[in-house]
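Per-entry structural report
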Amino acid sequence: MDFYVISPVSNLEPMKLGDRIFVLAHLWVQYPHYREFIFNLIDEEPDRWITLDNSAAERALVTEDVLIQVCNELVPSEVIAPDVLFDKDETIKNALSFKIRMEKEGLLDVIDIFFCPQGKTKEDWLEAYEWGINQDWIQTIGFSKIAIPQAWLPEWKDDQGIMEARHMAYDYLKENNLLLKPIHCLGQGDPTEFAHYDHPAMRSTDSVYPVFAASLGQDFKVDHKTRTPTPHNYLETFDMNNINMDLVESNVDFLKNQCHSFN
């Protein structure tokens, strides 16, 4: 698996430690220096894969119009269609609407569409997942760190049970021969989660957690199980000046080794 590193806007340098670039739409529209940093990364390595996220997990109200605007400005490799947390029907409706807009804008043949299944229950989530894999215009499926624990763990709490729930979903899909499109794991709990994935469909993951954990003094080599919920405004408000960058790099290396276990 490949991995992406997300970092607060006060210091974006840790993003360079990842295999790919993960761009959050709400940060793109708010911060000129964020846009400049991403464009510089592209100039340095034009073929690097770029995923544009719709920022739903960050509770940012990024509209379809804004997402299309960013697609035109950035021209990423793929874009995550607008999804609604825990709502299967609205997420499917939004994806269909987004596909039509992408066609009208002449972007559908240029940018891949990434679909993130949603649902309040396991059954709802699986219906959304199977719908996604049956759409030939959807290239990638997202394993949300929020949606899957909600659907697969009855006593789910925010930012907890991520590894356990996604292992349950993965094992079920693998057993039933449903791993038919590339999977990206959105976010992270215990970084040892990724060593479990031995199917080639498991493509990549992204997270700010190696950075956030370092800001709390958490060293993954000592403690990789503790998962402190990430504040929703962390990327915008955290001051990176006092963070231990050696610990950030150490945590990223730990994640990298887990992700690359089956490469």
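Residues numbered from 1 in each chain as written. Predicted model: local features only at pLDDT ≥ 70, side-chain atom pairs only at ≥ 80, totals over all residues. Heavy atoms only, no water.

All right, on to the pairing of strand S8 (residues 202–207) then. Of all the six residues making up S8, six are buried; the element is thus mostly covered by neighbouring parts of the structure. By the bridge criterion, four bridges tie strand S1 (residues 2–5) to S8 in an arrangement that is parallel. Residue pairing in the sheet places Tyr4 in a bridge with Asp206 of S8. Of the pairings in the sheet, the one linking strand S7 (residues 183–186) to S8 comprises four bridges and is parallel in character. When the bridges of S8 are listed, Cys185 appears paired with Thr205. (Buried < 20%, exposed > 50% of the residue type's maximum accessible area, 1.4 Å probe, protein only. Helix = DSSP H or I, 4+ residues; strand = E, 2+ residues; numbered from the N terminus. Pairing = 2+ DSSP bridges.)

This part is about the environment of Gly18. Secondary-structure assignment places Gly18 in the loop between S1 and strand S2 (21–24). You can call Gly18 buried: its relative accessible area is 9%.

Inspection of the secondary structure puts Gln218 in the loop between helix H8 (209–215) and helix H9 (234–237). Exposure remark for Gln218: the relative accessible area of 9% places this residue in the buried category. Separated by 33 residues in sequence, Gln218 and Asn251 have C-alpha atoms that sit 8.6 Å apart. If we ignore the near neighbours within four places in the chain, the residues touching Gln218 are Tyr209, Ala213, Asp223, His224, Thr226, Leu247 and Asn251. Engagement of the side chain of Gln218 in a polar contact is seen with the backbone oxygen of Thr226, the distance being 3.0 Å. (Contact = heavy atoms within 4.5 Å. Polar contact = N/O pair within 3.5 Å; in protein donor to acceptor, adjacent residues only side chain to side chain.)

Turning to the side chain of Arg203, a few remarks are in order. Along the polypeptide, Arg203 turns up in strand S8. A relative accessible area of 14% places Arg203 in the buried class. In terms of polar contacts, Arg203 uses its side chain to reach the side chain of Glu78, at 2.7 Å. Apart from the residues lying within four places of it in its own chain, the contact partners of Arg203 are Met1, Asp2, Tyr4, Arg20, Trp49, Thr51, Glu78, Phe114, Thr140, Pro182, Ile183 and His184.

Glancing now at the nonpolar core. Within the largest apolar cluster, 85 residues are counted, with the highest numbers of intra-cluster contacts made by Tyr34, Ile38, Trp125, Tyr129 and Phe143. Here Trp125 is in contact with Pro117, Gln118, Gly119, Phe143, Ala147, Ile148, Ala151, Trp152 and Leu173, once residues within four sequence places are set aside. (Core = buried A, V, L, I, M, F, W, Y, C linked by side-chain atoms within 4.5 Å.)

The next subject is the sheet that holds S7. For sheets, the rule is that strands pair by backbone hydrogen bonds, running either parallel or antiparallel. Spatially, S1-S8-S7-S6-S5-S4-S3-S2 is the arrangement adopted by the eight strands of the open sheet, whose pairing is parallel. Each edge of the sheet is formed by a strand with only one pairing partner; in this case those strands are S1 and S2. The average undirected angle you get between the axes of adjacent strands in this sheet is 25 degrees. Across three bridges, the pairing between strand S5 (residues 112–115) and strand S6 (residues 138–144) is parallel. Within S6, the residue paired with Phe114 across the bridge is Thr140. Lying on the sheet, helix H2 (residues 32–44) is in contact with S2 and strand S3 (50–53); it crosses S2 at an angle near 155 degrees. Docked against the sheet, helix H7 (residues 162–175) engages S6, S7 and S8, running at close to 140 degrees with respect to S6. (Axes fitted to C-alpha atoms, helices over the stretch in contact; angles between N-to-C directions.)

Before going further, it helps to examine the pairing of S5. The pairing of strand S4 (residues 78–80) with S5 spans three bridges and is classified as parallel. Its bridge partner being in S5, Ile80 is matched across the sheet by Phe114. Taken together, S4, helix H4 (residues 88–104) and S5 form a β-α-β motif whose crossover is right-handed. Regarding the hand of the β-α-β motif, the stretch spanning S5, helix H5 (residues 122–133) and S6 is right-handed. (Right-handed = clockwise from strand over helix to strand, strands pointing away.)

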